[in-house]
Structure formats: C-alpha cells, structure tokens
Amino acid sequence: MKRKVTKAIFPVAGLGTRFLPATKSIPKEIMTLVDRPLIQYAIDEARAAGIKEFIFVTSRGKGALEDYFDHSPVLEQELRKKGKDALLETLKMTNMDSGAIAYIRQHKALGLGHAVWCARRLLDPKEPFAVILPDDVIAADKPCLQQMVEAYEEIGGSMVAAMEVPDDKVSSYGVLDIKEDMGAYVSAKGMVEKPAPGTEPSNLAVIGRYILSPNVMKNLNQMKAGAGGEIQLTDAIADEIESDRGVYGYRFSGQRFDCGSKAGFLQATIAFGLSRPELHDELQEYLDTLSSIRTAAQ
Ligand code: G1P
C-alpha cells in the first residue's frame, strides 16, 4: 500500500531579485495577487491535497512570512469589536494549527535541491513528500497538487507536474526525456535541468509541484552540483529513474502562471482579478477600453 502524502516543503529562501526594489523589504512570497499573497495560494492548494504539515525553507529577511501565518490578536480584537465578521472569517485562512507549520533556514543559497535537503530531519524517512514552488501559481478547478496526489495513488514512484512549453522557453526549465507517453502522464527515461538550447530532450517542462519518494532525499545527501553550479532537485529526481519506483511527469489540467517573472505576475493578477465576481465587471470594462484604444491607434 502506498503511503499518504501529508507533508509539503515550500522552498521560500530566494532573494526575489527580479522584483527589486519591492523585495528589498518584503519576501517575494508575500507579494499579492489581488488580496492574497502568493504563499496563500500555495498553502490553499496543499491543504486541498490533504497536506497536514507545512515546512518552509526560509532565509534571512523572511520574518513577514512567519507573521503572516500567525494569529494577530490586536487586529482580531479590533475587528471583533467592530463586528467585522466577514473580515475575521477571511483571516482564518492564514491560521495554522499549532505545530502544523515549521520554519527551517537555508544558510547558503546552494540551489533548490539543497533547500529541499535542509528539511530532511522534519520528514519521515519512509514517507513520500510534496514540494511546492510558490512562484508557480496554478489556477485549476481541481487544485494541481490534488490532481497529482490522486494520480500518485495509482502510479506511485516520484512525480513532477509537467507542461509543454514553447521551443524558445524550454531551456529555462527542468525537462523530461520521455520513455512512454500515456497521455495524462509520461514515464521518464531522463530529466535534465536547464538544458543548453538545442539539446532539450523534449518540450515537456517540469512545473513547481512534486510528489517525491523518500529516496530522493537520500540522493540529495550526495550534494552533487549540477546546472549553474547549484545542487539541483531535478538531478536527485533523475537518479530515481533507474530504480524500480520510476519517475513520472503528470500533465495537470489548469492554467499555470510564472509569478517569478513580472509579465507572469501581471497576467496572474488580471486572471485572478477577473475570477472575482466583485471585481470582474469593472476590470473587464477596463480591459475592453484598453483594447479599443489599441484598435483605434492601429
Ligand atoms: C525550478 C526548477 C526547474 C523547474 C522550475 C519550474 O527552476 O529547478 O526544474 O522547471 O523551477 O518553475 P527555477 O525557476 O527556480 O530556475
């Protein structure tokens, strides 16, 4: 019987330099899409997938993340006094059961694989675990990690979220070399992090959702430096391919936004704004105005 996935690692130690100067004093994961920080979307997705323990791999300057998931007695008292029940309800999504969330520091920026390895003592050595990269925001009817947990219960092994990307973008990702294509998922015969342009084994890119065999953590113990001189999670997963457990790429359904880039972040802001009934009409009207101005200018 396959074990349940109950723990997820959130690597949130990055400096977020692409969003400077904003990220000089706020963690990038606290930047908001409409009114929720990126990290809230990641946590909601994990909860929907049945995750019970949340492990944040942080670094200096990420205190705002810890505060965000804590109770705020003064604010709550004030809202209660004013009878603002709806807002009090909204705040509940930011609360965690005591002990359900853990923070661990990555002291040196040695790569994503190293960040995940930093959480090793908080995991059960026999249990699979999930990894969520909060930069990748995925809008889906059924949250992406939940789709993957369901597929994992059938297939097992180690599983990464996967999506076809255009030729000129492939080399920015981890890329799967496909052994067998089953449609909804593929089995992998290779996996390479940021392949040099022209050497990509396929267009099927790894997106920031993973369900990993505990063996991947053992592979990370070897601390092999890979692409960009960093310890890559992709390499530790690729080491599993030869095992009888296997590695799979899961083609999730949903719309993925690369919120690590400014253009992706803006697109996500518009898409999530439009999905809010209270904002939809006003925002849509504005977008229509913009496109009619553009048409007139042409
Ligand atoms: C990371 C992973 C990469 C993956 C990507 C998805 O790269 O290393 O394999 O394809 O996330 O967003 P990064 O975007 O941190 O360079």
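Residues numbered from 1 in each chain as written. Predicted model: local features only at pLDDT ≥ 70, side-chain atom pairs only at ≥ 80, totals over all residues. Heavy atoms only, no water.

K.L.:
I'm lost on a negative patch on the surface in this one. Help?
P.N.:
A cluster of acidic residues, Asp-281, Glu-282, Glu-285 and Asp-288, forms a negative patch at the surface. With respect to the helices and strands, the residue Asp-281 is situated in helix 10 (residues 277–297). (Patch = residues over 30% accessible without salt bridge, like charges linked within 9 Å, V, L, I, M, F, W, Y side chains within 5 Å. Areas by Shrake-Rupley, 256 points an atom, 1.4 Å probe, with all protein chains shown as cover. Salt bridge = Lys/Arg side-chain N within 4 Å of Asp/Glu carboxyl O. Lys, Arg positive; Asp, Glu negative; His and termini not counted. Charge placed at Lys NZ, Arg CZ, Asp CG, Glu CD. Helix = DSSP H or I, 4+ residues; strand = E, 2+ residues; numbered from the N terminus.)

K.L.:
Explain the environment of Met-217 to me, please; I cannot follow it from the model alone.
P.N.:
Mapped onto the fold, Met-217 is located in helix 7 (residues 214–220). Given the relative accessible area of 8%, Met-217 is considered buried. On a C-alpha basis, the gap between Met-217 and Ala-115 in space is 11 Å, while along the polypeptide they are 102 residues apart. Contacts of Met-217, omitting those with residues within four sequence positions, involve Ile-9, Val-116, Trp-117, Ala-119, Arg-120, Leu-123 and Phe-129. (Buried < 20%, exposed > 50% of the residue type's maximum accessible area, 1.4 Å probe, protein only. Contact = heavy atoms within 4.5 Å.)

K.L.:
What am I meant to see in the packing of aromatic side chains here?
P.N.:
Here a ring pair, both rings aromatic, is described through the centre-centre distance and the interplanar angle of the planes. Evaluation of the coordinates by the stated rule reveals nine aromatic pairs. Centre to centre, the rings of Phe-10 and Phe-56 are 5.2 Å apart; their planes meet at 35°, and the pair counts as tilted. Taken together, the positions of Phe-10 in strand 1 (residues 7–11) and Phe-56 in strand 4 (residues 53–58) put the pair 46 residues apart, joining distant regions of the chain. Phe-10 gets classed as buried once you look at its relative accessible area, which sits at 0%. Among the aromatic residues, ring-to-ring pairing joins Phe-10, Phe-54, Phe-56, Tyr-68, Phe-69 and Tyr-103 into one connected group. The ring of Trp-117 carries the charged tip of Arg-120 above its face, separated from the ring centre by 3.6 Å. (Phe/Tyr/Trp six-rings, centres within 6.5 Å; stacked < 30°, edge-to-face > 60°. Lys NZ or Arg CZ within 6 Å of the ring centre and 35° of its normal.)

K.L.:
What am I meant to see in the layout of surface pockets here?
P.N.:
If a probe the size of a water molecule is rolled over the atoms, the empty space left behind becomes visible. Taken as a whole, the largest pocket encloses approximately 1400 Å³ of empty space. For the largest pocket, the lining is made up of 49 residues, of which Arg-18, Lys-28, Leu-133, Asp-135 and Lys-194 are closest to its centre. Broken down by secondary-structure element, the contributors of at least two residues to the lining of the largest pocket are helix 5 (112–117), strand 8 (158–164), strand 11 (204–212), helix 8 (233–238) and strand 13 (255–258). Looking at the lining of the largest pocket, the element that brings in the most residues is strand 11, giving four residues. In this structure, the second largest pocket encloses a volume near 320 Å³. Forming the walls of the second largest pocket are 16 residues, and the residues nearest its centre are Arg-36, Tyr-41, Ile-138, Ala-139 and Phe-272. For the lining of the second largest pocket, the elements supplying multiple residues, two or more each, are helix 1 (38–48) and strand 7 (136–139). (1 Å grid on protein atoms, 1.4 Å probe; cavity = no way out; pocket = protein on both sides within 12 Å on 5 of 7 lines; lining within 4 Å. Points joined across faces, edges and corners; volume = space filled by probe spheres on them.)

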